[in-house]
Amino acid sequence: MEGGSAPAPAPAPAPAPAPAEEGDGCAGLWELPVERCERRPECGRCSRPQKVCLCPFLPIHPLKVSTCLYIIQHPAEESRVLRTVPLLAACLPPDKYKILVGRRFSEDRYPELATVCRNPSTLILYPGAEATNLEEVAVMYSSPSVMIIIDGTWSQAKDIFYKNSLFRLPKQVQLKPNISSQYVIRTQPTNTCLSTLECAAVALSIMEKNKSIQETILRPLQALCSFQLQHGAQIHHSKEHLLKNGLYDKPMPKNKRKLRRMELLVNNVKI
């Protein structure tokens, strides 16, 4: 203001702190060695890590069978550590099995599979109201045949079976529900649900009319489960067993369809 004293100058802003040099506070961390994550070397035959190879429990020579297996494998099964298909393949001659990985199988993309599905001697192993017991069908099959088996969880197998029209062409067969699974390190929906290896072992023994085939193929699975249990794994009871005995500790599903399936399990209704 005119005639008044001049206002004091505003204080200069404090200088901003110098930025910390990159690496301050982490001094020395950058020099630490980085551990490389390397996959354990696998056995070329059983596909297990070499330190826990199961080859001593496999047959010395591939089994002599006339039935050819087509394994339709859900992609999620490829990455499972305790998958059984590699053990099954190690028991069979290379020309007696074929593994196809995927969810959808059209005739255009899989012409060979389409030809197999249209062959009258081809069977598909999938339980259901329209399936015939394999023991009854095996009596009529004297010549070499082809059997299709779906490898995946039960929900994955159901999705593959019903959403691929090719798999409705072969004769549908099932195993009698009087066999309990020995694959005790993985949870099954019911007490009589079998792993892919177990299904193949039972089916081949029926088709080939040779009970020893089942015993031979199951041997590496028994060894696998025994090893896992000795090293901290727990026995997995079926969902059916857990529900019936009040041991199911997971939240019940809100989805009405899934809840209904659980009720059927408890009441011994085939689903």
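This structure is a prediction, so every number in the text was calculated from the model and none was measured. (Residues numbered from 1 in each chain as written. Predicted model: local features only at pLDDT ≥ 70, side-chain atom pairs only at ≥ 80, totals over all residues. Heavy atoms only, no water.)

## Brief notes about the sheet that holds strand β4 (residues 132-133)
What the 6 strands build is an open sheet, ordered β2-β1-β5-β3-β6-β4; its pairing is parallel. Looking at strand neighbours, the two that pair on one side only are β2 (97-101) and β4, the edges of this open sheet. Direction of pairing for strand β3 (residues 122-125) relative to strand β5 (residues 146-151): parallel, over a ladder of 4 bridges. Note that in β5 the partner of isoleucine 124 across the bridge is isoleucine 148. (Pairing = 2+ DSSP bridges. Helix = DSSP H or I, 4+ residues; strand = E, 2+ residues; numbered from the N terminus.)

## Re the pairing of strand β6 (residues 171-174)
Alignment of β3 against β6, held across 3 bridges, turns out to be parallel. Paired with leucine 123 across the two strands is lysine 171, which belongs to β6. In the sheet, β4 pairs with β6 via 2 bridges, with the strands oriented parallel. Paired with threonine 132 across the strands is valine 173, a residue of β6.

## What about the environment of phenylalanine 105?
Counting through the fold element by element, phenylalanine 105 comes out in the loop between β2 and α2 (111-118). Assessed through its relative accessible area of 4%, phenylalanine 105 is described here as buried. (Buried < 20%, exposed > 50% of the residue type's maximum accessible area, 1.4 Å probe, protein only.)

## A look at the pattern of salt bridges
The tally for this structure, following the rule as stated, stands at 5 salt bridges. Among the salt bridges present, the one from glutamate 112 reaches lysine 98, with a minimum N-O distance of 2.8 Å. Residue glutamate 112 is found in helix α2, and its partner lysine 98 is found in strand β2; the two are separated by 14 residues along the sequence. Across the salt bridge formed by arginine 118 and glutamate 107, the nearest N and O atoms sit 2.8 Å from each other. Of this pair, arginine 118 sits in helix α2 while glutamate 107 sits in the loop between β2 and α2; the two residues are 11 residues apart in sequence, bridging distant segments of the chain. Connected through salt bridges with shared partners, the residues Arg104, Asp159 and Lys163 form a single ionic network. (Salt bridge = Lys/Arg side-chain N within 4 Å of Asp/Glu carboxyl O.)

## Let's talk about the pairing of β2
Relative to β2, strand β1 (residues 68-73) is paired through 5 bridges, and the arrangement is parallel. Bridging across to β2, isoleucine 71 finds its partner in isoleucine 99. For the crossover from β1 across helix α1 (residues 85-91) to β2, the handedness is right-handed. (Right-handed = clockwise from strand over helix to strand, strands pointing away.)

## Topic: helix α4 (residues 154-162)
All of the buried residues along α4 are Gln156, Ala157, Ile160 and Phe161. Buried residues of α4, viewed axially, fall in a sector of 130°; they line one side. (Arc of directions from axis to C-beta.)

## Side note on empty space enclosed by the protein
Scanning the entire structure with this criterion turns up 1 cavity of 30 Å³ or more. Volume-wise, the largest cavity comes out at about 30 Å³. Lining the largest cavity are Cys46, Ser47, Arg48, Val81, Arg83, Pro86 and Leu87. (1 Å grid on protein atoms, 1.4 Å probe; cavity = no way out; pocket = protein on both sides within 12 Å on 5 of 7 lines; lining within 4 Å. Points joined across faces, edges and corners; volume = space filled by probe spheres on them.)

## Here we look at the nonpolar core
The biggest cluster of nonpolar side chains holds 44 residues, and the ones touching the most others in it are Leu69, Leu134, Met147 and Ile217. Counting residues per element, the ones that place at least two in this core are β1, α1, β3, α3 (134-138), β5, α5 (196-207) and α6 (211-230). Contacts of methionine 147, omitting those with residues within four sequence positions, involve Thr67, Cys68, Leu69, Tyr70, Leu123, Leu125, Leu134, Ala203 and Met207. (Core = buried A, V, L, I, M, F, W, Y, C linked by side-chain atoms within 4.5 Å. Contact = heavy atoms within 4.5 Å.)

## So, the packing of aromatic side chains
The final tally for this structure, using the stated rule, is 5 aromatic pairs. Ring centres 6.1 Å apart and planes at 85° place the aromatic pair tyrosine 126 and tyrosine 162 in the edge-to-face group. In this pair, tyrosine 126 sits in the loop between β3 and β4 while tyrosine 162 sits in helix α4, placing the two residues 36 residues apart along the sequence. Classification of tyrosine 162 by relative accessible area gives partly exposed; the value is 47%. Ring geometry for phenylalanine 161 and tyrosine 162: centres 5.0 Å apart, planes at 85°, overall edge-to-face. Residue classification places phenylalanine 161 among the buried positions, given a relative accessible area of 3%. (Phe/Tyr/Trp six-rings, centres within 6.5 Å; stacked < 30°, edge-to-face > 60°.)

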